[in-house]
Amino acid sequence: QNQAVGSLDDLLKGRDPNIYEECMAALWSFCCLKADAVGPQAPTPGTADAMRLPEFDVLSVVDHRMRWYSEEAPAFGRAVREVAKPYKHVIFVGASMGGAGALIHCGDVADAVMAFSPQANLLEACLRPSAADIATLESIGNAMQASIRQA
C-alpha cells in the first residue's frame, strides 16, 4: 500500500496530466475526512495517494439559481456566519459570480478573500442576476462594496 505524500509534485508524480479527473481525485480524496482524522497515523483506506492537509476543511456553495448569492442574502449570510463560528481562520474563494458572492458575504466572516475576476459591475454585465429594476442591481453592488469595506 502506498503512503500519503507531502507535496503536490509527489502526489501527481507518475500520473498522466491530461487525465484531469484522476489528478483531481488524488488531490481531493483526503479532504472529505474530518480534520482530527488527519495526522501521523496510517492513511485511511482509499486515501493512500492523497496529500495530507491537517486542520483544513472546505465548504463549497453553488448558486444554482444564478442570483449572485444575493437572493435570500440575509439568511445566507447568517448560515455562513454560523458555519464559520468554530474556525480560527476563514477564507472565501470564488471566481466570476462566485467571486462576487465571496465579496458580498465576506464582511464580518472572512479573514481573507480571493476573488478571481469577480463580476462586480452588474449594471454592465451581460450575464447578471434577474432584478426588478436597475436600483435592485445597484443595491447588490452597494452591498458588495459595504461588505468589502467591513472586511
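Residues numbered from 1 in each chain as written. Predicted model: local features only at pLDDT ≥ 70, side-chain atom pairs only at ≥ 80, totals over all residues. Heavy atoms only, no water.

A.B. asks: Could you clarify how one ought to interpret the pairing of strand β2 (residues 112-116) in this entry?
C.D. replies: Taken residue by residue, a regular strand's side chains alternate between the two faces of the sheet. When strand β1 (residues 91-95) meets β2, the two strands line up parallel, connected through five bridges. Bridge pairing in β2 places I91 opposite A112. Regarding topology, helix α4 (residues 97-106) serves as the crossover connection from β1 to the parallel β2, and that connection is right-handed. (Pairing = 2+ DSSP bridges. Helix = DSSP H or I, 4+ residues; strand = E, 2+ residues; numbered from the N terminus. Right-handed = clockwise from strand over helix to strand, strands pointing away.)

A.B. asks: Got a minute to help me understand the packing of α4 against helix α5 (residues 134-150) in this structure?
C.D. replies: Think of two packed helices as two axes; the pair is described by the angle between the axes and how far apart they sit. Their axes nearest at 6 Å, the elements α4 and α5 cross at an angle of 60°. The orientation of α4 with respect to α5, classified from their angle, is oblique. With respect to the hand of their crossing, α4 and α5 are arranged in left-handed fashion. Between α4, through A100, L103, I104, H105 and C106, and α5, the contact on the second element is made entirely by I140, A143, M144, S147 and I148. Classifying every residue of the contact of α4 with α5 gives eight nonpolar, two polar and no charged. (Axes fitted to C-alpha atoms, helices over the stretch in contact; angles between N-to-C directions. Parallel < 35°, antiparallel > 145°, perpendicular 65-115°, else oblique. Left-handed = near helix turned anticlockwise from the far one by under 90°. Contact = heavy atoms within 4.5 Å. Nonpolar A, V, L, I, M, F, W, Y, C, P; charged D, E, K, R; others polar.)

A.B. asks: Please clarify how the pattern of salt bridges should be interpreted in this entry.
C.D. replies: Pairing is possible between side chains of opposite charge, provided their charged atoms come close. Applying the stated criterion to the full structure yields four salt bridges. Here E71 makes a salt bridge to R65, at a shortest N to O gap of 2.7 Å. With relative accessibility at 35%, the residue E71 sits in the partly exposed group. In this structure, R67 and E71 form a salt bridge, with 3.3 Å as the shortest nitrogen-oxygen distance. Its relative accessible area of 21% is what places R67 among the partly exposed residues. The structure contains a network of salt bridges with shared partners spanning R65, R67 and E71. (Salt bridge = Lys/Arg side-chain N within 4 Å of Asp/Glu carboxyl O. Buried < 20%, exposed > 50% of the residue type's maximum accessible area, 1.4 Å probe, protein only.)

A.B. asks: Looking at this structure, how should I read the packing of aromatic side chains?
C.D. replies: A ring pair, where both rings are aromatic, is described by two values, the distance of the centres and the angle of the planes. For the coordinates displayed, the defined rule picks out one aromatic pair. Ring geometry for Y69 against F76: centres 6.0 Å apart, planes inclined by 45°, an arrangement best described as tilted. Judged by its relative accessible area of 25%, F76 falls in the partly exposed class. (Phe/Tyr/Trp six-rings, centres within 6.5 Å; stacked < 30°, edge-to-face > 60°.)

A.B. asks: Can you help me understand the environment of D111 in this one?
C.D. replies: If you trace the backbone, D111 turns up in the loop between α4 and β2. By relative accessible area, which is 51% here, D111 ends up exposed. Between the alpha carbons of D111 and A151 there is a distance of 7.4 Å; along the sequence they are 40 residues apart. For D111, the contacting residues outside a window of four places in its chain are K88, H89 and V90.

A.B. asks: Just checking my understanding: could you explain a nonpolar patch on the surface for this structure?
C.D. replies: Taken together, the side chains of I91, V93, M114 and F116 define a hydrophobic patch exposed on the protein surface, amounting to about 400 Å² of accessible area. Elements supplying a minimum of two residues to the nonpolar patch: β1 and β2. Along the polypeptide, F116 turns up in strand β2. For F116, a relative accessible area of 48% translates into the label partly exposed. (Patch = residues over 30% accessible without salt bridge, like charges linked within 9 Å, V, L, I, M, F, W, Y side chains within 5 Å. Areas by Shrake-Rupley, 256 points an atom, 1.4 Å probe, with all protein chains shown as cover.)

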